[in-house]
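Here is what each chain is made of, one letter per residue.
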Amino acid sequence: MKNYLNFETDIKNLESEIEKLKDPYNQDGLSEVDTQKISSTQAELDKKLKYIYSNLDPWQTTMVARHEDRPKSKFFIDNLFDDFISLSGDRFYGEDKSVLTGFAKFNGTSVLVIGQEKGENLETRIERNFGMMRPEGYRKTIRLMNLANKFNIPIISFIDTPGAYPGVGAEERGQAEAIAKSIECCMELSVPTLAIIIGEGGSGGAIALASSNKVIMLENAIYSVISPEGCATILWRDPKKMLDAAKAMKLSAKDLLELKVIDEIISEPLGGAHRDKDQMLDGLRDSISKNLNYFKNLSSEEIMNERKNKFLKIGRNQGFISSPEDLSTLTVKNNNFDKILKSKKVLIGSAIVGLVFLFFAFSLF
C-alpha cells in the first residue's frame, strides 16, 4: 500500500484511477483493458507530478525528506556495495543500532560505510531509535574512522537523522562530547570522506558525520541546525508556523548549494526517491564513483587541506577577507573597520591617560 503526503491528493486519485483501468473486472460492464485511457491518465499523472514537485515549498520538501517509503541507508548499503561486513560496539558501553557501520567494496575499492538507519516499519524504527544516535554510536564511528584512516580506506557516510538522541541516559554518557569528538575526528582524517544526505540532516546529529570533503544531498533532502517545528516553537512559541521557519532556515538542497554549505545535488526521480529506487541507485553510484576518482590523485595533505579550506570558506563571501580563495593569509580588507579600530584605540588611550592623571592627582592629597 502506497503512502501519500497531504499535498498529493490529486496524484492519489489519478493512480487509483489507473489501477482500476488496469483491472476492469472490478467495474460493472467492463470486460477489457482500455489502453488509450490508461495512457492519457498516465500522461496526466506525470504532468501533475512534475508540476507539484517542481513547486515544492520548504515545508513540503521536509515532508518528502521524511516520507516513510523513502529509501533508507540499509537499502543503499545492500545495493551499492559488495561484501559488506558489519562491525559493532564502541568498546566502552555497547552497540547503537541506529547506525550501521562496516567495511565493504565499491567497484572493487575497499571503503568504510557508515549509515544512519531509521528503520522500515514500527518494530525496526523502535529498534533503530528512529535514526537518533546515542554517544556509543558516535564512539563506534570514531573507532572505525580511525581504523579506516590507518589503512588509507575512503569513508562514505549516509546521513538520515532528525538529530542526536536527547534522552537523559545519552546526556549522562556524554552525548555532546561524543558529537564534538566525532566532528574533530572527521576533520583530522587524511583519507577522502563523502557525506551523502539522503533524507533528514538534523542538527549536530548529522554534522557529526557530515564534516567531510564532499557533502552531497539528494534533491528533496534537508539539512538544518534544528527541525522547522523546533525552530517555530522557539521563535514564535507556535509549532504550526513550521512553514515560516522552514523558509527562513534555507534547509533545502538548492539553497544550501547556493550558500556553498554543500557541494553537489543528486537529482531524484519524478515524485521523489521512493518512486523509482533503481534510478536513485544509479544516480548515487555515479556520484560516488566520480568523487572517489577525484581524490585518487591527491595526497593525504592535499585531502586534509581541501577539507579545511572547504569549511573555512563557508560564510566568507561578505566578510572582511579580501580573497576567500586564499585563506592562508586571511588579509583584512581596507575599509571602515580599520578606522573604527583606530578611533577606539584613541579613545581608550585618552581614557587611560586621564585615569593615570587622576591617580597621581589624588595621591598628592
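Residues numbered from 1 in each chain as written. Predicted model: local features only at pLDDT ≥ 70, side-chain atom pairs only at ≥ 80, totals over all residues. Heavy atoms only, no water.

Participant: Mind showing me how you'd approach helix H9 (residues 203–210) here?
Facilitator: Residues separated by three or four positions in an α-helix point in the same direction, a consequence of the helix having 3.6 residues per turn. Burial within H9 is extensive, with six of its eight residues counted as buried. Along H9, the residues classified as buried are Gly204, Gly205, Ala206, Ala208, Leu209 and Ala210. (Buried < 20%, exposed > 50% of the residue type's maximum accessible area, 1.4 Å probe, protein only. Helix = DSSP H or I, 4+ residues; strand = E, 2+ residues; numbered from the N terminus.)

Participant: What should I look at first to understand unusual backbone geometry in this one?
Facilitator: For residues that are not glycine, phi is negative in most cases, and the peptide bond is trans in most cases. Located in the positive-phi region is Asn129, a residue other than glycine, with phi close to 60 degrees. For Asn129, the location among the structural elements is in the loop between helix H5 (122–127) and helix H6 (135–150). For Asn129, a relative accessible area of 10% corresponds to the buried category. Even without being glycine, Phe130 reaches a positive phi, approximately 55 degrees. Turning to its location among the elements, Phe130 is positioned in the loop between H5 and H6.

Participant: Just to check I follow, could you spell out the pattern of salt bridges for this structure?
Facilitator: In a structure, side chains of opposite charge can pair up when their charged atoms sit close to one another. Here the structure, examined in full by the defined rule, presents 18 salt bridges. Sharing partners across several salt bridges, the network here consists of Arg66, Lys118, Asp160, Glu200 and Glu229. (Salt bridge = Lys/Arg side-chain N within 4 Å of Asp/Glu carboxyl O.)

Participant: Even after reading the chapter, I still don't get the layout of surface pockets, so can you show me in this structure?
Facilitator: Using a probe with the size of a water molecule, rolled over the atoms, empty space left in the structure can be pinpointed. In this structure, the largest pocket occupies an estimated 450 Å³ of space. If you trace the largest pocket, you find 20 residues lining it, with Tyr53, Ser54, Leu56, Glu219 and Asn220 closest to the centre. Elements with a contribution of two residues or more to the lining of the largest pocket: helix H2 (35–53), helix H3 (58–65) and helix H12 (253–258). In terms of residues, the lining of the largest pocket owes the most to one element, H12, which gives three residues. The residue inventory of the lining of the largest pocket, partitioned by class, reads seven nonpolar, seven polar and six charged. (1 Å grid on protein atoms, 1.4 Å probe; cavity = no way out; pocket = protein on both sides within 12 Å on 5 of 7 lines; lining within 4 Å. Points joined across faces, edges and corners; volume = space filled by probe spheres on them. Nonpolar A, V, L, I, M, F, W, Y, C, P; charged D, E, K, R; others polar.)

Participant: Any chance you could explain helix H4 (residues 73–80) here in plain terms?
Facilitator: If you check which residues of H4 are buried, you get Ser73, Phe75, Phe76, Ile77 and Leu80. Taken together, the buried residues of H4 touch strand E1 (82–86), strand E2 (99–106), strand E3 (109–116), strand E4 (155–161), strand E5 (193–202) and helix H13 (277–295). (Contact = heavy atoms within 4.5 Å.)

Participant: Sorry, what's going on with the nonpolar core here?
Facilitator: Among soluble globular proteins, nonpolar side chains are generally buried collectively. Formed by 58 residues in total, the largest nonpolar core has its most connected members in Phe76, Phe81, Met145, Ile156, Phe158, Tyr223 and Ile288. With six residues, the top contributor of residues to this core is H13. Apart from residues no more than four positions distant in its own chain, Phe81 is found in contact with Phe76, Ala104, Lys105, Phe106, Val111, Val113, Ile156, Phe158 and Ile288. Of all hydrophobic cores here, the second largest spans 13 residues; its members include Leu5, Phe7, Ile11 and Leu14. (Core = buried A, V, L, I, M, F, W, Y, C linked by side-chain atoms within 4.5 Å.)

Participant: When you look at the side chain of Asp160 in this model, what are you seeing that I'm missing?
Facilitator: Along the chain, Asp160 turns up in strand E4. Apart from the residues lying within four places of it in its own chain, the contact partners of Asp160 are Lys72, Gln116, Lys118, Gly131, Ile198, Gly199 and Glu200.

Participant: Help me understand a nonpolar patch on the surface in this model?
Facilitator: On the surface, a cluster of nonpolar side chains totalling about 320 Å² of accessible area is made up of Leu122, Ile126 and Phe130. Residue placement: Leu122 occurs in helix H5. (Patch = residues over 30% accessible without salt bridge, like charges linked within 9 Å, V, L, I, M, F, W, Y side chains within 5 Å. Areas by Shrake-Rupley, 256 points an atom, 1.4 Å probe, with all protein chains shown as cover.)

Participant: Please explain the packing of aromatic side chains as it appears in this structure.
Facilitator: Counted according to the given criterion, the structure contains six aromatic pairs. Ring geometry for Phe76 and Phe158: centres 5.9 Å apart, planes at 10 degrees, overall stacked. Residue Phe76 is found in helix H4, and its partner Phe158 is found in strand E4; the two are separated by 82 residues along the sequence. Per residue, the accessibility class of Phe76 equals that of Phe158, and both read buried. When the ring of Tyr294 is compared with that of Phe295, the centres are 5.0 Å apart and the planes differ by 80 degrees; the resulting orientation is edge-to-face. The class for Phe295 is buried, based on a relative accessible area of 3%. Members of the aromatic cluster, connected to one another through ring pairs, are Phe75, Phe76, Phe81, Phe106 and Phe158. Positioned over the ring face of Tyr165 is Arg134, at 4.9 Å from the centre of the ring. Over the face of the ring belonging to Phe75 we find Lys277, whose NZ or CZ atom lies 5.4 Å from the ring centre. (Phe/Tyr/Trp six-rings, centres within 6.5 Å; stacked < 30°, edge-to-face > 60°. Lys NZ or Arg CZ within 6 Å of the ring centre and 35° of its normal.)

Participant: Looking at this structure, I do not really get the packing of H4 against H13. What am I missing?
Facilitator: Taken N-terminus to C-terminus, the directions of H4 and H13 make an angle of 70 degrees; their axes are 11 Å apart at the nearest point. On the basis of their axis angle, the class for H4 and H13 is roughly perpendicular. The way H4 lies across H13 gives a crossing that is right-handed. Facing H4, whose interface residues are Phe75, Phe76, Asn79 and Leu80, H13 presents Lys277, Met280, Leu281, Leu284, Arg285 and Ile288. In terms of residue class, the contact of H4 with H13 is made up of seven nonpolar, one polar and two charged. (Axes fitted to C-alpha atoms, helices over the stretch in contact; angles between N-to-C directions. Parallel < 35°, antiparallel > 145°, perpendicular 65-115°, else oblique. Left-handed = near helix turned anticlockwise from the far one by under 90°.)

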